[in-house]
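Here are the chains, one letter per residue:
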Amino acid sequence: MCIRDSPYTARNTEQSPSLPQLWEMQQDMDQWYLDYAASLDTADLSKVIEFKFVDGAAGKMTIGEIFLHIVNHGTYHRGFVSDMMYQIPAKPSSNDFTVYLQSK
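First, a word on scope: everything that follows refers to the structure included in this document. Nothing here was measured: the structure is a model prediction, and the numbers come from that model.

Reading the values: rules and limits
Residues numbered from 1 in each chain as written. Predicted model: local features only at pLDDT ≥ 70, side-chain atom pairs only at ≥ 80, totals over all residues. Heavy atoms only, no water. Patch = residues over 30% accessible without salt bridge, like charges linked within 9 Å, V, L, I, M, F, W, Y side chains within 5 Å. Areas by Shrake-Rupley, 256 points an atom, 1.4 Å probe, with all protein chains shown as cover. Salt bridge = Lys/Arg side-chain N within 4 Å of Asp/Glu carboxyl O. Helix = DSSP H or I, 4+ residues; strand = E, 2+ residues; numbered from the N terminus. Axes fitted to C-alpha atoms, helices over the stretch in contact; angles between N-to-C directions. Parallel < 35°, antiparallel > 145°, perpendicular 65-115°, else oblique. Left-handed = near helix turned anticlockwise from the far one by under 90°. Contact = heavy atoms within 4.5 Å. Nonpolar A, V, L, I, M, F, W, Y, C, P; charged D, E, K, R; others polar.

**Here's the deal with a nonpolar patch on the surface**
- Together, Tyr76, Phe80, Val81 and Met84 give the surface a local cluster of nonpolar side chains, amounting to about 400 Å² of exposed area.
- Assignment of secondary structure puts Met84 in helix H2 (residues 63-87).

Written as structure tokens, this is what we have:
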């Protein structure tokens, strides 16, 4: 697998895809991550990737740091959505990692 430049030029898109389109796109992206992660060995996690942020600033992270960022970013969104649901008020289902592990 190759890592390519991001096609994004801004933090938000001008238009939002429909929910079915988002679902399909998420499934494709999830599969890409699974396939890519399976292709790595432990040494690959230390490889440094240089990139540009959407504002053009230079950045660099190891592959391991990138994966950690992606996981942490996803947990931020889940927590934010849960907080919004409690404010409605509605009781969201548990999204705790420990609960998830017990359900497997």
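The rest of the description comes next.
**Observations concerning the packing of helix H1 (residues 19-39) against H2**
- Running from amino to carboxyl end, H1 crosses H2 at an angle of 150°, the nearest separation of the two axes being 13 Å. Taken together, the axis directions place H1 and H2 in an arrangement best described as roughly antiparallel. Crossing angle aside, the handedness with which H1 passes H2 is left-handed. Residues Tyr33, Tyr36 and Ala37 of H1 touch H2, and the partners they reach there are Ile63, Phe67 and Ile70.
- Here the residues of the contact of H1 with H2 sort into six nonpolar, no polar and no charged.

In short, the description is geometric, and any link to function would need to be established separately.
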